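# Structural characterization, general
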Amino acid sequence: MTVTTYIGLGSNLGDSRQILSEAIAKLKSIGEVKVSKLYQSLPMGPQDQPNYLNAVAQLKTELLPLDLLDQLQRFEQEAGRVRLRHWGERTLDLDLLIYGNEKIHNERLTVPHAGILQRDFVVIPLLDLDADLHINNQPLKNLELIQQPTLTVLADESWV
């Protein structure tokens, strides 16, 4: 059974645009992909690091949630992901944001992703892909944080 999922992508080390493009190509190996605009955002954690490039991919896949998580983590490792500090700089960060209509909470995975409703660098790209998307019965387009976004659009959906 094919499930519509949403994957958050972020990078602020190396050639971030190229790294994100390569990650999208890898996602295409496991399903049908549609991509948001490409954004630049301030770091969420320590401010002594470069700005992030962010996007969201809609992925239609047959992988089960934990199998998809394993694939995303493998893609991060292949891109040279290192975790230097909490909310610190990253070569590639892939987050499973939404998996169909499922609510998952276990030691490895929380879906919908924790904090999603407080992050404009996630919500705005999600709205690029589906303007009527709801999370926990909350319409994303009505969230206050999209009224004053802190993001900069770098490229439209054709950036990949």
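Residues numbered from 1 in each chain as written. Predicted model: local features only at pLDDT ≥ 70, side-chain atom pairs only at ≥ 80, totals over all residues. Heavy atoms only, no water.

## Quick notes on the overall build of the protein chain
- Scanning the protein chain from terminus to terminus reveals 3 helices and 10 strands.
- Ordered by position in the sequence, the α and β elements of the protein chain form the string β-α-β-β-β-α-β-β-β-α-β-β-β.
- The C-alpha atoms of the protein chain give a radius of gyration of 15 Å, which matches the 15 Å a tight globule of 160 residues would have.
- A principal-axis box enclosing the C-alpha atoms of the protein chain has dimensions of 40 × 35 × 35 Å.
- Looking at the 160 residues of the protein chain, the share that counts as buried comes to 49%.
- Across the protein chain, the fraction of contacts at a sequence separation of at least 24, relative to all contacts at a separation of at least 6, is 69%.
- Accessible surface, the protein chain: about 8300 Å² in total, of which carbon and sulfur atoms supply 49%.
- One finds the centroid of the 15 positive side-chain charges in the protein chain at a distance of 1 Å from the centroid of its 21 negative side-chain charges. (Helix = DSSP H or I, 4+ residues; strand = E, 2+ residues; numbered from the N terminus. Rg over C-alpha atoms; globule rule 2.2 N^0.38 Å. Buried < 20%, exposed > 50% of the residue type's maximum accessible area, 1.4 Å probe, protein only. Contact = heavy atoms within 4.5 Å. Areas by Shrake-Rupley, 256 points an atom, 1.4 Å probe, with all protein chains shown as cover. Lys, Arg positive; Asp, Glu negative; His and termini not counted. Charge placed at Lys NZ, Arg CZ, Asp CG, Glu CD.)

## Re the environment of E102
- Of note, E102 is situated in the loop between strand 5 (93-99) and strand 6 (104-105).
- Given the relative accessible area of 40%, E102 is considered partly exposed.
- Sequence separation between E102 and Y39 is 63 residues; the distance between their C-alpha atoms is 27 Å.
- Those residues in contact with E102, other than ones at most four positions away along the chain, are P65, V111 and P112.

## Describing the environment of I104
- The topology assignment puts I104 in strand 6.
- The buried category is assigned to I104, whose relative accessible area is 12%.

## Some remarks on helix 1 (residues 16-28)
- Between its first and last C-alpha, helix 1 extends 18 Å over 13 residues, near the 18 Å set by a 1.5 Å rise per residue.
- For helix 1, the elements touching its buried residues are strand 1 (3-11), strand 2 (32-35), strand 3 (38-41), strand 4 (52-61), helix 2 (65-78) and strand 5. (Expected span 1.5 Å × (residues − 1).)

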